[in-house]
6 protein chains.
Amino acid sequence: MAADLSPLFPIISDDEASPRVAAVFADIRETRKTDFINNFWRVIANDPDNLEQTWAELKHVMAPGAIDSMTKDLIYVAVSVANNCTYCIRSHTASARTKGATDEHLKELQAVIAAASRTNRLAIGLQVPLDEAFI
Amino acid sequence: MAADLSPLFPIISDDEASPRVAAVFADIRETRKTDFINNFWRVIANDPDNLEQTWAELKHVMAPGAIDSMTKDLIYVAVSVANNCTYCIRSHTASARTKGATDEHLKELQAVIAAASRTNRLAIGLQVPLDEAFI
Amino acid sequence: MAADLSPLFPIISDDEASPRVAAVFADIRETRKTDFINNFWRVIANDPDNLEQTWAELKHVMAPGAIDSMTKDLIYVAVSVANNCTYCIRSHTASARTKGATDEHLKELQAVIAAASRTNRLAIGLQVPLDEAFI
Amino acid sequence: MAADLSPLFPIISDDEASPRVAAVFADIRETRKTDFINNFWRVIANDPDNLEQTWAELKHVMAPGAIDSMTKDLIYVAVSVANNCTYCIRSHTASARTKGATDEHLKELQAVIAAASRTNRLAIGLQVPLDEAFI
Amino acid sequence: MAADLSPLFPIISDDEASPRVAAVFADIRETRKTDFINNFWRVIANDPDNLEQTWAELKHVMAPGAIDSMTKDLIYVAVSVANNCTYCIRSHTASARTKGATDEHLKELQAVIAAASRTNRLAIGLQVPLDEAFI
Amino acid sequence: MAADLSPLFPIISDDEASPRVAAVFADIRETRKTDFINNFWRVIANDPDNLEQTWAELKHVMAPGAIDSMTKDLIYVAVSVANNCTYCIRSHTASARTKGATDEHLKELQAVIAAASRTNRLAIGLQVPLDEAFI
């Protein structure tokens, strides 16, 4: 995932996009109010079924609901740190910032991730049994 | 971590608590406004240094700041699902509910975790290179 | 991995052991100076190639060398906590105890695992760049 | 975490350090008997609470006890390999070497990590049930 | 995920299924040629959007293509072992068996997972640099 | 694991290979019908025991059996994506291609990995209990 390594499939430019791919790219641009399509979409575009399905899911899931859209990006970053996905940490931290995340939000996010990672391992490592209240 | 397995160290009851342990238990009760001390604390209480340090961290990190306390529990659950910690998923989902999390919050949380887990693996699996914008 | 679930392949008793399996069981008993053969070996015994290869590796790798045998069990437990393998945490914690691990060893082990899990996530989450000294 | 990527927050130089940060840097230097402060500390220094808490924990946990300090670094590396943290693998392997770890220690460490990773997956994959002795 | 723990949301019976949920259940039954609907679907049925999206993805992705359907179940199991999902290991091993997987397939699968887990950690632990041929 | 970082132990060239190492290199060349020995083998060659054991395991486990050799590489890649091992993803994707894997195979592989990663987290996150049929 380093910046200087080629992906397993080529990065599809706008000129190379098939009509199905172009339609998804257009919807990403309209939904996000930006002309920028990042590499993630341009690489999975090699499999148009996957592209359509992934975009449909993310468009729906990341939209504001009971949880607002910026918070969803923070949760997304938390999962990405636990999964160690550099691309995902950086792209969704950037996304959170465009939705209003401040330095304070991001510092608190990292502190919660760190505390959870630590206590997750203590609960697992010490084999703490579930309390009746949690069963 | 199943309910029927003993932990690596015994569950410390209130009667067995040393003064250092009792002091932490008292602060947990006062901070959380409940008499209930869950097994996690009663097992790490076998190592009072660890107990004091863990409680000090969680008390500070999970307190409301730029991110509210319920949202911090949702982020904590997200990390715990990624780390597959049954104890942590159940205890912090319960905690989030006491702070106002509804079924809708929890369903959206699971949907964001699922979407992030899926796209994390696509970014890693396809070896998507970082865009200039994210470097 | 709960105690009440059946494994994917049956637990091979001494009576059911083929000559190849019986030979490995005999070497485990002689090496460990105990009659007890735990379920891990009895389940992988369904694939004698895997059994022979796994036992040969563990017998060699876990033997004392520059690192003593008890410390190797502590390292094994650390990996197992990170991988969340209940069976492995419990069996190798028990093994470490037979080699002299005290409560103090095990508490310090858990504290190091917890600290590493926490700082691993901070280094990943904050995307800390490598110092020249570590390249 | 590649060497050529910027972190999420800036690397704090000695000149930029606030009094709280400078005090932690001074204690790191004194404790470690070196002038070198690696990037990990300089990045989390953007959140002084996190810096103080992390340093206090590591200073305490990694100090010699029932387990010596070099062995604690080996355990730390084992967790970092399981969590795939390049920064942590490299910095704590370097630290272990300053405390006396030889090539033999490091080769045996990698062999134990490999064996544990392999058998962890067999125990999980085959769903090996816990023996009565480990419950 | 133990058999005796309740899920975070109730298990939806056929009688409790809304028309949207009932329609997905009917399609699962028709596609799989069985009346059995396992708990996974009955729990995510609490979020009909998630149920519809998940079923649409799995129906499409697990169908035979360049890779046959049984092999896709083996790959699914491999990911589930790496992610330590007991439910997923057991349900997709059962599914693979209904599609013709024999004991030999499953033993070889576990052996490949074990070998990959081991060598993954060696490549990461030893920080093996990419060959020109793989860049 | 970036291309520009040095490994923990040096890359052993053919000229530097001891007789034991040279014998393994020769067998790799003969088995794979290529002169190319990739860095993975040249780095673990610093520990000849580990080299011999790893090659013996991989030669045996990745050979065609009930599961063909190309499919074993796909399963290996699936585990490597779940473990986030860049080196392993790239080297075994290349290996799968030499054994006949097409773009279609690799796209379907990624889609199955993505679907499994997503549903693994839903089963864990929602704490779905095992059906009687899977116990």
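Definitions and limits used
- Residues numbered from 1 in each chain as written.
- Chains lettered and ligands numbered in written order.
- Predicted model: local features only at pLDDT ≥ 70, side-chain atom pairs only at ≥ 80, totals over all residues.
- Heavy atoms only, no water.
- Helix = DSSP H or I, 4+ residues; strand = E, 2+ residues; numbered from the N terminus.
- Rg over C-alpha atoms; globule rule 2.2 N^0.38 Å.
- Contact = heavy atoms within 4.5 Å.
- Areas by Shrake-Rupley, 256 points an atom, 1.4 Å probe, with all protein chains shown as cover.
- Least-squares fit on C-alpha atoms with pLDDT ≥ 70 in both.
- Buried area = accessible area lost by both parts, 1.4 Å probe.
- Salt bridge = Lys/Arg side-chain N within 4 Å of Asp/Glu carboxyl O.
- Polar contact = N/O pair within 3.5 Å; in protein donor to acceptor, adjacent residues only side chain to side chain.
- Domains from an automatic or database assignment.
- Buried < 20%, exposed > 50% of the residue type's maximum accessible area, 1.4 Å probe, protein only.
- Expected span 1.5 Å × (residues − 1).
- Disulfide = S-S within 2.5 Å.
- Axes fitted to C-alpha atoms, helices over the stretch in contact; angles between N-to-C directions.
- Parallel < 35°, antiparallel > 145°, perpendicular 65-115°, else oblique.
- Left-handed = near helix turned anticlockwise from the far one by under 90°.
- Nonpolar A, V, L, I, M, F, W, Y, C, P; charged D, E, K, R; others polar.
- pLDDT = per-residue confidence, 0-100.
- Phe/Tyr/Trp six-rings, centres within 6.5 Å; stacked < 30°, edge-to-face > 60°.

Caption draft 1: Molecular detail of the overall build of chain A. Counting its secondary structure elements, chain A contains six helices and zero strands. Scanning chain A from its N terminus toward the C terminus, one meets helices and strands in the order α-α-α-α-α-α. Compactness check: chain A gives a C-alpha radius of gyration of 18 Å against a globular reference of 14 Å for 135 residues, more than 25% above the reference. Dimensions of chain A along its principal axes, counting C-alpha atoms only, are 55 × 30 × 30 Å. At a minimum sequence separation of 6, the contacts of chain A that also span at least 24 residues come to 49%. When the accessible area of chain A is evaluated, it comes to approximately 4,600 Å², of which 54% is carbon and sulfur surface.

Caption draft 2: Quick peek at the relation of the copies chain D and chain B. For these two chains of identical sequence, chain D goes onto chain B by a turn of 180° and a shift of 0.0 Å along the axis, with RMSD 0.0 Å. Expressed as a symmetry operation, the mapping of one chain copy onto the other fits a two-fold axis. Across chain D, the smallest distance between a C-alpha and the rotation axis is recorded for D:Q53, namely 4.4 Å. Both copies share a contact surface, since 100% of the interface residues of chain D are interface residues in chain B too.

Caption draft 3: Broad picture of the relation of the copies chain E and chain F. For the match of chain E to chain F, the screw axis carries a shift of 0.0 Å, the RMSD comes to 0.0 Å, and the turn is 180°. Interface residue correspondence from chain E to chain F reaches 100%, placing this contact among same-surface, isologous pairings.

Caption draft 4: Geometry of the interface of chain E and chain F. Contacts between chain E and chain F engage 72 residues on the former and 72 residues on the latter. Interface area for chain E against chain F, summed over the two sides, is near 6,400 Å², with a carbon-plus-sulfur share of 69%. Linking chain E with chain F are four salt bridges, by the criterion used here. Between E:E108 and F:K72 there is a salt bridge, with the nearest N and O atoms lying 3.4 Å from each other. Where chain E touches chain F, the interface holds 30 residue pairs in polar contact (both at pLDDT 80 or more). Those elements that provide at least two residues to the side of chain E that touches chain F are helix 2 (39–44), helix 3 (48–61), helix 4 (69–83), helix 5 (86–98) and helix 6 (103–125) of chain E.

Caption draft 5: Examining the domain arrangement of chain A more closely. The domains assigned to chain A are domain 1 (11–61) and domain 2 (67–135). Between the C-alpha centres of domain 1 of chain A and domain 2 of chain A there is a distance of 27 Å.

Caption draft 6: Representation of the interface of chain D and chain B. Facing the nine residues of chain D at the interface are nine residues of chain B. At the boundary of chain D with chain B, total buried surface from both sides reaches about 670 Å², with 58% on carbon and sulfur atoms. When the buried area of chain D at its contact with chain B is split by residue, D:L5, D:Q53 and D:I135 rank highest and sum to 50% of it. Where chain D packs against chain B, one counts zero salt bridges. Our count for the contact surface shared by chain D and chain B stands at four residue pairs in polar contact (both at pLDDT 80 or more).

Caption draft 7: Seen up close, the pattern of salt bridges. All names here are of chain A. If you walk through the whole model with that rule in mind, you get 72 salt bridges over all chains. Ionic pairing is found between K107 and E104, a salt bridge with its closest N-O pair at 4.0 Å. Highlighted residues: K107 and E104, both in helix 6 (residues 103–125), separated by three residues, approximately one helical turn. By relative accessible area, K107 is classed as buried at 16%.

Caption draft 8: Summary view of helix 4 (residues 69–83) of chain A. Residue and element names in this part refer to chain A. Taking 1.5 Å of rise per residue, 15 residues should cover 21 Å, and helix 4 covers 21 Å from first to last C-alpha, within 8% of that figure. The residue sitting at the N-terminus of helix 4 and contributing the capping side-chain oxygen is D68; that oxygen lies 3.1 Å from the backbone nitrogen of M70. In the stretch just after helix 4, N84 is the one whose phi turns positive, near 60°.

Caption draft 9: Local environment of the state of the cysteines. Residues and elements named next belong to chain B. Enumeration over the complete set of coordinates arrives at six disulfides over all chains. With its sulfur 2.2 Å from that of its partner, C85 forms a disulfide with C88. As the torsion about the S-S bond is roughly 50°, the C85-C88 disulfide counts as right-handed. As far as the burial class goes, C85 and C88 line up, both buried.

Caption draft 10: Region of interest: the environment of C:D68. Residues and elements named next belong to chain C. Among the secondary structure elements, D68 is positioned in the loop between helix 3 (48–61) and helix 4 (69–83). On the basis of relative accessibility, which here comes to 38%, the residue D68 falls in the partly exposed class. Within the structure, the side chain of D68 is placed 2.8 Å from the side chain of T71, a separation counted as a polar contact.

Caption draft 11: Geometry of helix 3 (residues 48–61) of chain F. Taking 1.5 Å as the rise per residue, helix 3 of chain F with 14 residues should run 20 Å; its terminal C-alpha atoms sit 20 Å apart, in good agreement. Among all positions in helix 3 of chain F, only F:N50, F:L51, F:Q53, F:T54, F:W55, F:E57, F:L58 and F:V61 are buried. For helix 3 of chain F, the elements touching its buried residues are helix 3 of chain C, helix 6 (103–125) of chain D, helix 6 of chain E together with helix 1 (19–32), helix 2 (39–44) and helix 4 (69–83) of chain F.

Caption draft 12: Region of the structure containing the packing of helix 6 (residues 103–125) of chain B against helix 6 (residues 103–125) of chain F. At their nearest, the axes of helix 6 of chain B and helix 6 of chain F sit 8 Å apart, and the two run at 150° to each other. Considering their axes alone, helix 6 of chain B and helix 6 of chain F lie roughly antiparallel with respect to each other. Read as a crossing pair, helix 6 of chain B and helix 6 of chain F show a hand that is right-handed. For the pair formed by helix 6 of chain B and helix 6 of chain F, the contact residues are B:Q110, B:I113, B:A114, B:S117, B:R118, B:R121, B:L122 and B:G125 on the first element and F:Q110, F:I113, F:A114, F:S117, F:R118, F:R121, F:L122 and F:G125 on the second. Of the residues belonging to the contact of helix 6 of chain B with helix 6 of chain F, the class tally is six nonpolar, six polar and four charged.

Caption draft 13: Highlighting the confidence of the model for chain A. Model confidence for chain A is summarised by a mean pLDDT of 96, while 98% of its residues fall at 70 or above. The ipTM assigned to the predicted complex is 0.96, against a pTM of 0.97.

Caption draft 14: Representation of the packing of helix 4 of chain E against helix 5 of chain E. All names here are of chain E. Viewed as axis vectors pointing N to C, helix 4 and helix 5 meet at an angle of 165°, and their least axial separation amounts to 9 Å. With respect to helix 5, the element helix 4 is oriented roughly antiparallel. Relative to helix 5, helix 4 is oriented so that their crossing is left-handed. Facing M70, D73, L74, Y76, V77, S80 and V81 of helix 4, the residues of helix 5 in contact are C88, I89, H92, T93, S95 and A96.

Caption draft 15: Seen up close, the packing of aromatic side chains. This model, assessed by the stated rule, comprises 24 aromatic pairs over all chains. A centroid spacing of 5.9 Å and a plane angle of 90° characterise the contact between C:Y87 and D:F134, whose relative ring orientation is edge-to-face. Of the two residues, C:Y87 is situated in helix 5 (residues 86–98) and D:F134 in the segment after helix 6; the pairing between them involves two chains. Residues C:Y87 and D:F134 agree in their burial class; the two are buried. Three or more aromatic residues joined by ring pairs make a cluster, and in this case those are A:F36, A:Y87 and B:F134.

Caption draft 16: Here's a closer look at the side chain of E:N120. When you line up the elements, E:N120 lands in helix 6. With a relative accessible area of 0%, E:N120 lands in the buried category. Reaching out from E:N120, the side chain makes a polar contact with the side chain of F:S80 at a distance of 3.1 Å. Polar side-chain contacts of E:N120 include one of 3.0 Å to the side chain of F:N83. Those residues within four positions of E:N120 in sequence are excluded, and the remaining contacts are F:Y76, F:V79, F:S80, F:N83, F:C85 and F:C88.

Caption draft 17: Inspection of the environment of C:T31 at higher detail. Residue and element names in this part refer to chain C. Along the chain, T31 falls in helix 1 (residues 19–32). Taking the C-alpha atoms as reference, T31 lies 8.1 Å from K59; in sequence the two are 28 residues apart. Within the structure, T31 has its side chain in polar contact with the backbone oxygen of D27 (distance 2.7 Å).

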